[in-house]
Amino acid sequence: MQHRYVPDLGDFSKFAVIDALSGRGAMKTALIWYLVDPHELNETHNNDGKHTAYLHDDRGRYAQCHPELYARFCGIHATGEKHVGIYARQDVVGNVAYFPEPLSYDGRSVAQREAWRTGWLGRALCVAQGSDLVLLDPDNGLMSPRVGLRSQAAVKYASLDECAAFYAKGQRSLVVYQHAHRRGSATQQAEHALDRLTSYLGV
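Note that the coordinates shown come from a computational prediction; the quantities given were computed from them, not determined experimentally.

What counts and how
Sequence order as written defines the numbering, with residues in each chain counted from 1. At least 70 in pLDDT is required for a residue's local features to be given in this predicted model, at least 80 for side-chain atom pairs to be given and counted, and no such filter applies to totals for whole chains, interfaces and linings, which use all residues. Here the side-chain values reflect all heavy atoms present in the structure, with hydrogen atoms and water set aside. As defined here, a cavity is a set of points on a 1 Å grid over the protein atoms alone where a 1.4 Å probe fits but cannot get out. A pocket is an open set with protein on both sides within 12 Å along at least five of seven lines, and residues line them when an atom is within 4 Å of a point. Grid points are joined across faces, edges and corners, and a volume is the space filled by probe spheres set on the points. The numbering of helices and of strands both runs from the N terminus, where a helix is a DSSP run of H or I of at least 4 residues and a strand a run of E of at least 2. Classification used: nonpolar for Ala, Val, Leu, Ile, Met, Phe, Trp, Tyr, Cys and Pro, charged for Asp, Glu, Lys and Arg, polar for all others including Gly. A pair of strands is labelled paired if DSSP reports no fewer than 2 bridges between them. Axes here refer to lines fitted to C-alpha atoms; in helices the fit is confined to the stretch in contact. Angles between the N-to-C directions go from 0 to 180 degrees. Residue contacts are counted whenever heavy atoms from the two residues lie within 4.5 Å of one another. In summary, the pairing rule links any two rings of Phe, Tyr or Trp, Trp by its six-membered ring, whose centres are within 6.5 Å, and it sorts them by plane angle into stacked for under 30 degrees, edge-to-face for over 60 and tilted for everything else. A simple rule labels every residue: compare its accessible area, found with a 1.4 Å probe on the protein chains alone, to the largest value its type can have, and call it buried under 20%, exposed over 50%, or partly exposed in between. Only lysine NZ and arginine CZ atoms are considered, and such an atom sits over a ring when it is within 6 Å of the ring centre and within 35 degrees of the ring normal.

1. Description of the layout of surface pockets
Phase 1: As a volume, the second largest pocket reaches approximately 480 Å³.
Phase 2: In terms of lining residues, the second largest pocket is bounded by 17 residues, among which Leu142, Ser144, Gln178, His181 and Arg183 are the most central.
Phase 3: With five residues, the single largest contributor to the lining of the second largest pocket is helix H7 (residues 186-201).
Phase 4: For the lining of the second largest pocket, a count of residues per class yields six nonpolar, eight polar and three charged.

2. Examining the sheet that holds strand E2 (residues 96-99)
Phase 1: As summarised here, the arrangement of the four strands in space is E2-E1-E3-E6, forming an open sheet in which the pairing is parallel. Either end of the sheet is taken by a strand with one partner, and the two such strands are E2 and strand E6 (173-176). Direction aside, neighbouring strands of the sheet carry axes that sit 15° apart on average.
Phase 2: One ladder, built from five bridges, connects strand E1 (residues 29-33) with strand E3 (residues 133-137); its direction is parallel. Across the sheet, Ile32 pairs through a bridge with Leu136, a residue of E3.
Phase 3: Across the sheet, helix H1 (residues 9-21) touches E1, E2, E3 and E6, and the angle it forms with E1 is around 155°.
Phase 4: Running over the sheet, helix H6 (residues 160-167) touches E1, E3 and E6 and is turned about 150° from E6.

3. Brief notes about the packing of aromatic side chains
Phase 1: This structure, assessed with the given rule, holds 13 aromatic pairs.
Phase 2: Ring centres of Trp33 and Tyr98 lie 6.2 Å apart, and the angle between their planes is 20°; on these two criteria the pair is classed as stacked. Of the two residues, Trp33 sits in strand E1 while Tyr98 sits in strand E2, which places them 65 residues apart along the sequence.
Phase 3: Pairing Tyr54 with Tyr70 gives two aromatic rings, centres 6.3 Å apart and planes at 70°, and the pair type is edge-to-face. Within this pair, whereas Tyr54 is found in the loop between E1 and helix H2 (61-65), its partner Tyr70 is found in helix H3 (residues 67-79), the two being separated by 16 residues in sequence. Here Tyr54 matches Tyr70 in class, with each residue buried.
Phase 4: Three or more aromatic residues link up through ring pairs in this structure, and these residues are Phe12, Phe15, Trp33, Tyr54, Tyr62, Tyr70, Phe73, Tyr87 and Tyr98.
Phase 5: For the cation-ring pair, Lys14 lies above Tyr177, with the distance from its terminal atom to the ring centre recorded as 4.2 Å.

Rendered as structure tokens:
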């Protein structure tokens, strides 16, 4: 997750999913942003976060999907604000606890990164305490076996150990954002990610 994504189509989709899975706020939900800085990752050159044309959709396809949420996102877009904190202030979906602390290795040596991330995880777990549903929103999804936890790129992923901690042996429902790439269909990629996750969690 990055501040510049506010309020693009990806975020609208995620909040629509949260609203549906939580029973319109009947279940207490924790949204754990894996909030990263594109400057730290040298990614300021791309067009991420600019998918907002759906908010001017004359045919009303997205408004019909979730009229209340669509209206809130139109209002957020009108403010011009690019900060995830606006979702909490606008209460876009009810009964959601947010964890907006950035996941950043900036200024930390390779040796310090793993311990710092463990502390970050502990603070995130405190926010998730008492939740029925936890949504993890890393930039890219589950951490690849080729990416070490101390790698600079690791901030873009949720590790399997972190997923297990949030899942808490089945005490909560867990949703993990998974970014699609060009290798295989989206369905195949989702099935592969789910296989990795369920195998690791033993479910």
